[in-house]
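Remarks on the overall topology
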Amino acid sequence: NAGVTQTPKFRVLKTGQSMTLLCAQDMNHEYMYWYRQDPGMGLRLIHYSVGEGTTAKGEVPDGYNVSRLKKQNFLLGLESAAPSQTSVYFCASSLTGGSAEAFFGQGTRLTVV
Amino acid sequence: AQSVTQLGSHVSVSEGALVLLRCNYSSSVPPYLFWYVQYPNQGLQLLLKYTSAATLVKGINGFEAEFKKSETSFHLTKPSAHMSDAAEYFCAVSGSGGYNKLIFGAGTRLAVHP
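Summarised in this report is the structure supplied together with it. Quick caveat: nothing in here was measured; it's all calculated off a predicted structure. (Residues numbered from 1 in each chain as written. Chains lettered and ligands numbered in written order. Predicted model: local features only at pLDDT ≥ 70, side-chain atom pairs only at ≥ 80, totals over all residues. Heavy atoms only, no water.)

**Some points on the overall build of chain A**
A tally of helices and strands in chain A yields zero helices and eleven strands. Here the C-alpha radius of gyration of chain A, 13 Å, is about what a compact globule of 113 residues would show, namely 13 Å. With respect to the principal axes defined by its C-alpha atoms, chain A has extents near 35 × 30 × 25 Å. Counted over contacts in chain A with a minimum sequence separation of 6, partners at least 24 positions apart contribute 54%. Roughly 5300 Å² of accessible area belongs to chain A as shown, and the carbon and sulfur atoms make up 53% of that amount. (Helix = DSSP H or I, 4+ residues; strand = E, 2+ residues; numbered from the N terminus. Rg over C-alpha atoms; globule rule 2.2 N^0.38 Å. Contact = heavy atoms within 4.5 Å. Areas by Shrake-Rupley, 256 points an atom, 1.4 Å probe, with all protein chains shown as cover.)

**Some remarks on the pattern of salt bridges**
Between side chains of opposite charge, a pair can form when the charged atoms approach closely. Enumeration over the complete set of coordinates arrives at six salt bridges over all chains. Salt-bridge contacts for B:Lys58 lead to B:Glu64; the nearest nitrogen and oxygen are separated by 2.8 Å. By relative accessible area, B:Lys58 is classed as exposed at 61%. Accessibility expressed as a relative area gives 24% for B:Glu64, which makes it partly exposed. Because the salt bridges share partners, they merge into one network encompassing A:Arg36, A:Asp38 and A:Arg44. (Salt bridge = Lys/Arg side-chain N within 4 Å of Asp/Glu carboxyl O. Buried < 20%, exposed > 50% of the residue type's maximum accessible area, 1.4 Å probe, protein only.)

**Brief notes about the nonpolar core**
Within the largest apolar cluster, 47 residues are counted, with the highest numbers of intra-cluster contacts made by A:Phe104, B:Trp35, B:Tyr89 and B:Phe104. Looking at which element gives the most residues to this core, the answer is strand β9 (residues 87-94) of chain B, with six residues. Excluding residues that lie within four positions of it along the chain, B:Tyr89 makes contacts with B:Gln6, B:Leu21, B:Trp35, B:Tyr36, B:Val37, B:Leu47, B:Phe63, B:Leu76, B:Gly107, B:Thr108 and B:Leu110. The next biggest cluster of nonpolar side chains, apart from the first, holds 18 residues, and it includes A:Met19, A:Leu21, A:Phe74 and A:Leu78. (Core = buried A, V, L, I, M, F, W, Y, C linked by side-chain atoms within 4.5 Å.)

**Let's talk about the sheet that holds strand β1 (residues 3-7) of chain B**
All names here are of chain B. Across the sheet, five strands lie side by side as β1-β3-β8-β7-β6; this open sheet has antiparallel pairing. Of all the strands in the sheet, the pair left with one neighbour each is β1 and β6 (56-58). Averaged over all pairs of adjacent strands, the angle between strand axes in this sheet comes to 20 degrees, irrespective of strand direction. Note that strand β7 (residues 64-68) and strand β8 (residues 73-78) share five bridges and pair antiparallel. Residue pairing in the sheet places Glu64 in a bridge with Thr77 of β8. (Pairing = 2+ DSSP bridges. Axes fitted to C-alpha atoms, helices over the stretch in contact; angles between N-to-C directions.)

Here you go:
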């Protein structure tokens, strides 16, 4: 059972480079989320989606873009990476919002030098 | 708006001692509350959740939490700590309608020593 799969697992970028993180879920969930995890700050919501073709801003959306062209995939893009975007990124999905359990991927460790 | 405050970024207990991890929330609507656990180099997994059915919620691995509306709290407890409980614990809040996104606290790292 795959659940939520994130690719890549590790990446090093130079300042100014761009990249896309891919999240795929096989549970037919409506909601998908991107978080970043930094020491002492917990998980902060970057963007989320409540269904195919929809996206919404979270707590820290600046410097990131997202797309949800297919229900099972949620892409997170960094157009011009900055050292402040060095973090561990987690994708999650849930059947609905509200009281539904969120299922998490294993994370992507991104370093921007 | 919704937010979560976890008191104590690090908690250390002896094996067999009571575990108490504190969480206070703020929500403009009736909240749904969650505790998630993260083991090293892994994603998060659900321990338990409150959805208004019962104020005392039992979860996996012997953990439980009590929803106290008057105190806006949802503290996590376990009567007797095991070495395997060492991990980072996150409290989270969600709601209905326009407040349906999942917002996390800063986390509490639990250390269990012999």
